[in-house]
Amino acid sequence: MQVIAPRDGCLITNQTGWPSRTHAAQVSHEVMQDLTTDTRPSARVTDSDDVVAGIPRVAVGVGAMSRAAVVAVARHGAGVELTADAEDAVRASRKVVEALADDPVPHYGVSTGFGALANRHIPAGLRAELQRSLVRSHAAGSGPEVEREVVRAMQLLRLSTLATGRTGVRLGTARGYAALLTAGIMPVVAEYGSLGCSGDLAPLAACALALTGEGLVRDVDGVRRPAAEALATAGIEPVTLREKEGLALINGTDGMLGMLVLACHDLEMLLRTADITAAMSVEALLGTDAVFAADLQALRPHPGQAASAANLRALLAGSGVVASHRHPGCTRVQDAYSLSCSPQVHGAVRDTVAHAVTVAERELAAAVDNPVVLPDGRVESNGNFHGAPVAYVLDFLAIAVADLAGISERRTDRHLDVARSHGLPAFLADDAGVDSGYMIAQYTQAALVSELKRLAVPASVDSIPSSAMQEDHVSMGWSAARKLRRAVDGLTRVIAIELLTAARSLDLRRPLEPAPATAAVRAALRATVPGPGPDRHLGPEIDAAVDVVASRQALAAAESVLGPLS
């Protein structure tokens, strides 16, 4: 099934749409926007012509891959090419591996089996078969297809590790991966199969299999085809793997890391949007903005809290609704926690995302393989493929996402309850009793929040042994990443329902007018969702609000008035 995704790709579907050549200019613009603030070599856009005219390529070098580059390639379809220093590093490490291949002493991954079979020495004549068999046997995934952006992120991050010169692959193998990405050829990767230790073996093996001309892929237009056929159409020669190469293509944390980078990118946007919807709720529920004062917030110096409170102050500046009850006779001393404690909760989520970004950037600078070729020529086994550092923050983010959604739902519920909404009609209905208003929109939001609580249960504590007890402790990082993607999608929908509800509440406060920034957000929503009136088919209006959030329209509307939010 092909689905039209929101512009920023925040929503999760079983199969996201493929960019067509007619969308090249738009994709190029979005790629450039993502990369303009990142000056690292991996974020540099080259002057080469892509197979899709107008889409730039991202340079993949020896150093750390940038988050912006991952988003540009994975989500916006940018092509890639190896830098000269990366090609030199790949050639140098390959010489080391080829020297070891002639050594009568067994070397893991070069002249031995793998995992629990590492004690078998493999003669030279069988080593190509060894690598081919490794990839075929490890491409053992099952279930629905993984989203295009995840597979492209995984391919890019594996290429980034190859480019470090620590894996020992041939230059042609690395160039082959770059060619697949640039041609838009996406290996078909199944949902289930990775335990997140020894890397994301099964998903990465599916990618490696496509490089050899086997298995199934989707081409640049999203058509599912045999890999050999798609490679031939694109003029790409299948790779015949040699010593160490099969292992180098599957031994990494690239799947879980790619999903972490994409989730952090989306959450940074959703957090600012959550501040917007919280401000709209504070306004519409006749809350006070005094609690967000900078000196009060400074008493608890968490950076995320300070940023969220600053956003709320800016968003509420000039609000006629807030000003209407800001007078000596006002008896509002303290609002409900879902209003007054928004900076504390939103801020804690911000700080959690910041920690996750730190972990992601460390991992983006890593060369994860086993064994690795060191600068002094040694080839050493290691445990860097274990996904624990990534798995923990993926789980941590799922917890934070569930709580952020929870406080948003509590604010929404207050709009609908006549006992707590300070004069708004029941369920914001046009004719309560005849009309149900947004009663069931809150049901949908509550169902999402309940689902997010289940998704917050950590995957990383659930190690399960494999490979005849050789891999007796695993990270489950892939599973943590998969559930986080669902959680980010759920959070997007929860925030959208608060936006829908708060906007209607503000409409019902007329003639009082909201702040300029929140008024702009309401206007952006009203471009596709009409204002109060008798009950209409509500599902499409919720979906339209979801698109306003996911496509960054709500955030852009606020920032068109205020400039960039924190």
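These notes cover the structure that comes with them. Predicted model, so just to flag it, every value in this text is computed and none were measured.

Some thoughts on the pattern of salt bridges
For step 1, the next point in the chain: What the rule picks out here adds up to 43 salt bridges.
For step 2, the next point in the chain: For Glu129, the salt bridge identified is with Arg132, shortest N-O distance 2.3 Å. Of this pair, Glu129 and Arg132 both sit in helix H4 (residues 127-138), separated by 3 residues, roughly a single helical turn.
For step 3, the next point in the chain: Across the pair Glu409 and Arg410 runs a salt bridge whose closest N-O atoms are separated by 2.7 Å.

Remarks on helix H16 (residues 388-416)
For step 1, the next point in the chain: In a regular helix each residue adds 1.5 Å, so 29 residues correspond to 42 Å; H16 covers 43 Å between its end C-alpha atoms and thus fits that length.
For step 2, the next point in the chain: Most of H16 sits inside the fold, with 23 of its 29 residues counted as buried.

Here we look at empty space enclosed by the protein
For step 1, the next point in the chain: Throughout the structure, instances matching the rule amount to 4 cavities of 30 Å³ or more.
For step 2, the next point in the chain: In this structure, the largest cavity spans a volume of roughly 70 Å³.
For step 3, the next point in the chain: Only helix H5 (148-163), helix H10 (254-284) and helix H15 (342-364) provide two or more residues apiece to the lining of the largest cavity.
For step 4, the next point in the chain: Top element by residues in the lining of the largest cavity is H5. It accounts for 3 residues.
For step 5, the next point in the chain: A per-class count over the lining of the largest cavity returns 5 nonpolar, 3 polar and 2 charged.

Some points on unusual backbone geometry
For step 1, the next point in the chain: The omega torsion of the bond from Asn370 to Pro371 falls at -5 degrees, within 30 degrees of zero and hence cis.
For step 2, the next point in the chain: Residue placement: Pro371 occurs in the loop between H15 and strand S8 (372-373).
For step 3, the next point in the chain: For Lys244, which is not glycine, the phi dihedral falls at a positive 75 degrees.
For step 4, the next point in the chain: As for its placement among the helices and strands, Lys244 is situated in the loop between helix H8 (227-234) and helix H9 (245-250).
For step 5, the next point in the chain: Overall, Lys244 belongs to the buried group, its relative accessible area being 0%.
For step 6, the next point in the chain: Its identity as a non-glycine residue notwithstanding, His422 has a phi of 60 degrees, on the positive side.
For step 7, the next point in the chain: Assignment of secondary structure puts His422 in the loop between H16 and helix H17 (439-455).

Cut-offs used in this document
Residue numbers restart at each chain and count upward from 1, following the sequence in its written direction. Residue-level local features of this predicted model are given only where pLDDT is at least 70; pairs of side-chain atoms are given and counted only at 80 or more, and the full residue set underlies all totals for whole chains, interfaces and linings. With hydrogens and water excluded, all non-hydrogen atoms of the structure serve as input to the side-chain values. In the sections that follow, a salt bridge refers to a side-chain nitrogen of Lys or Arg positioned within 4 Å of a carboxyl oxygen of Asp or Glu. Strands here are runs of E lasting at least two residues and helices are runs of H or I lasting at least four, both read from the DSSP assignment and numbered beginning at the N terminus. One less than the residue count of a helix, multiplied by 1.5 Å, gives the span that helix is expected to have. With a 1.4 Å probe rolled over the protein chains alone, any residue whose accessible area is under 20% of its type maximum counts as buried; one over 50% counts as exposed, and the rest are partly exposed. In the cavity and pocket records, a cavity denotes points on a 1 Å grid over the protein atoms alone where a 1.4 Å probe fits but cannot get out, a pocket denotes an open set with protein on both sides within 12 Å along at least 5 of 7 lines, and lining residues are residues with an atom within 4 Å of a point. Grid points are joined across faces, edges and corners, and a volume is the space filled by probe spheres set on the points. The nonpolar class holds Ala, Val, Leu, Ile, Met, Phe, Trp, Tyr, Cys and Pro. Asp, Glu, Lys and Arg form the charged class, and all remaining residues, Gly among them, are polar.

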